[in-house]
There are 2 protein chains.
Amino acid sequence: MPVPTDEVERRVSQLATSLRGSGLRLTHQRLEVAREIAADESHPDVETIYRGVRKRVPTISLDTVYRTVAALVDLGLVGRVNENPGPTRYDANRERHHHYVCTRCGLIRDVYSDTLNGIEAPEQVSGLGTVESVRVHLRGVCKTCERKGNDSER
Amino acid sequence: MPVPTDEVERRVSQLATSLRGSGLRLTHQRLEVAREIAADESHPDVETIYRGVRKRVPTISLDTVYRTVAALVDLGLVGRVNENPGPTRYDANRERHHHYVCTRCGLIRDVYSDTLNGIEAPEQVSGLGTVESVRVHLRGVCKTCERKGNDSER
DNA sequence: GTTACTGCAAACTTTTTGCACGACA
DNA sequence: TGTCGTGCAAAAAGTTTGCAGTAAC
């Protein structure tokens, strides 16, 4: 299930507004990188974003994608996802959510749950520092990998 | 608070037994890498393990540490921790636990909580695949960073 | 017209791999 | 003694940076 077109456009225009608002220039490349991330709910890495954007902007370079993604992360418009070793992946979904991760293929899916959202930090944690977010990571084997029955541990 | 000596030895001997049991040779290097991870609760990366082991085994090479750590992970004796971008970190603590992560300095502390252990996957997740583990990630700013008041985002 | 952004190339960091010698069982 | 593991070196993968030309404002 792809991200609905209007949701993509909503995200892109929010990204555009925020870029402009923070004094950054709204270039063709940035807009297309933003669009690519907004339309991809598979939590793509930079290489994947690069391949996608190149279909529309064949001259874009990989380092521009790196720089743009870093800018979007700094602005808080995109989240970094480090569930697995290997390339960092990115997430345009800024709604509160949790993650399901397949330990075989690395698939990451967003999980929405009021129950999980309601979890509070144990009081002992206040001795360590402030708590700004509580995220649940569910790990297992996805349906596709289970069907394949293979054991490519990633 | 360092890991108590007897707990370190308990972990090391378990690692030794498992290595032998799986047909791998019990070398000086492997034993010392295992000891280093077992004694370090800061979730060290390979470079840190390497520096620690070199005090006792000055001739060990970095790639041996990489290979040993990979073997320990494959045997399920050590966990991989990917809370942040940058080098992968490792965890000798195999008890069920959760993580508190400082978003400024990258500190990772283990969190034990029966409440958090009791969390169950929402039923919608069963549509995605099996669930083998449920871990809670608490992110915030640790006491030390808060005191410093600096903003080195990491 | 300025200044920030891009593309290129090179560097850097983290991790993996091939090979010959040395050490464990 | 045979085989697996180690150290060395080189390569691969992922990411960052300096610079000169180009495009946004």
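Refer to the structure above for everything that follows.
Residues numbered from 1 in each chain as written. Chains lettered and ligands numbered in written order. Predicted model: local features only at pLDDT ≥ 70, side-chain atom pairs only at ≥ 80, totals over all residues. Heavy atoms only, no water.

Caption draft 1: Quick peek at unusual backbone geometry. Residue and element names in this part refer to chain A. We note that His43 has phi near 60 degrees; this positive angle belongs to a residue other than glycine. You can see His43 is positioned in the loop between α2 (28–39) and α3 (46–54). His43 gets classed as buried once you look at its relative accessible area, which sits at 2%. (Helix = DSSP H or I, 4+ residues; strand = E, 2+ residues; numbered from the N terminus. Buried < 20%, exposed > 50% of the residue type's maximum accessible area, 1.4 Å probe, protein only.)

Caption draft 2: Region of the structure containing the sheet that holds strand β4 (residues 108–111) of chain B. In spatial order, the strands read β4(A)-β3(A)-β5(A)-β5(B)-β3(B)-β4(B); together these six strands make up an open sheet with mixed pairing. Each edge of the sheet is formed by a strand with only one pairing partner; in this case those strands are β4 (108–111) of chain A together with β4 of chain B. Taken over all neighbouring pairs, the strand axes of this sheet differ in orientation by 25 degrees on average, direction set aside. Two elements, strand β3 (residues 98–102) of chain B and strand β5 (residues 133–140) of chain B, share four bridges in a ladder whose sense is parallel. Bridge pairing links Tyr100 of chain B to Leu138 of chain B in β5 of chain B. (Pairing = 2+ DSSP bridges. Axes fitted to C-alpha atoms, helices over the stretch in contact; angles between N-to-C directions.)

Caption draft 3: Fine view of the packing of helix α3 (residues 46–54) of chain B against helix α4 (residues 62–74) of chain B. Residues and elements named next belong to chain B. Here α3 crosses α4 at 115 degrees, and the two axes come no closer than 9 Å. Seen along the crossing, α3 lies across α4 with a hand that is right-handed. Along its contact with α3, which presents Val46, Glu47, Ile49 and Tyr50, the element α4 presents Leu62, Val65, Tyr66 and Val69. Here the residues of the contact of α3 with α4 sort into seven nonpolar, no polar and one charged. (Left-handed = near helix turned anticlockwise from the far one by under 90°. Contact = heavy atoms within 4.5 Å. Nonpolar A, V, L, I, M, F, W, Y, C, P; charged D, E, K, R; others polar.)

Caption draft 4: Layout of the relation of the copies chain B and chain A. Of the two same-sequence chains, chain B is brought onto chain A (RMSD 0.0 Å, axial shift 0.0 Å) by a rotation of 180 degrees. In symmetry terms, the pair is related by a two-fold rotation axis. Minimal C-alpha distance to the rotation axis in chain B is attained by Val136 of chain B, lying at 2.3 Å. Mapped onto chain A, 100% of the interface residues of chain B again fall at the interface, so both copies present the same surface. (Least-squares fit on C-alpha atoms with pLDDT ≥ 70 in both.)

Caption draft 5: Region of the structure containing the pairing of strand β3 (residues 98–102) of chain A. All names here are of chain A. Within β3, five of the five residues are buried, leaving the element largely enclosed by the surrounding structure. Judged from the four bridges that link them, β3 and β4 form a sheet pairing that is antiparallel. Bridge assignment links His98 to a residue of β4, and that residue is Val111. If you look at the hairpin formed by β3 and β4, you'll find five residues sitting between the two strands, and Gly106 has a positive phi there, around 85 degrees.

Caption draft 6: Spotlight on the protein's contact with DNA strand D. By nearness alone, 19 residues border DNA strand D, and Tyr66 of chain A together with Thr27, Arg30, Asp63 and Thr64 of chain B come closest of all. One nitrogen or oxygen atom from the side chain of Arg67 of chain A is found 3.5 Å from a base oxygen belonging to DNA strand D. Looking at the surface near DNA strand D, the elements with two or more residues in it are α4 (62–74) of chain A together with α2 (28–39) and α4 of chain B. Ranked by the residues each element gives to the surface near DNA strand D, the list is headed by α4 of chain A, at four residues. Partitioned by chemical class, the residues of the surface near DNA strand D number six nonpolar, six polar and seven charged. (Near = heavy atom within 4 Å. Polar contact = N/O pair within 3.5 Å; in protein donor to acceptor, adjacent residues only side chain to side chain.)

Caption draft 7: Representation of the protein's contact with DNA strand C in the model. Neighbouring residues of DNA strand C: 18 residues in total, closest Arg25, Thr27, Arg30 and Thr64 of chain A together with Tyr66 of chain B. Across the atoms of DNA strand C situated within 4 Å of the protein, the share located in sugar and phosphate is 62%. At 2.8 Å from a sugar or linking oxygen of DNA strand C is found a side-chain nitrogen or oxygen belonging to Gln29 of chain A. Take Arg25 of chain B: an N or O atom from its side chain is 3.0 Å from a base oxygen of DNA strand C.

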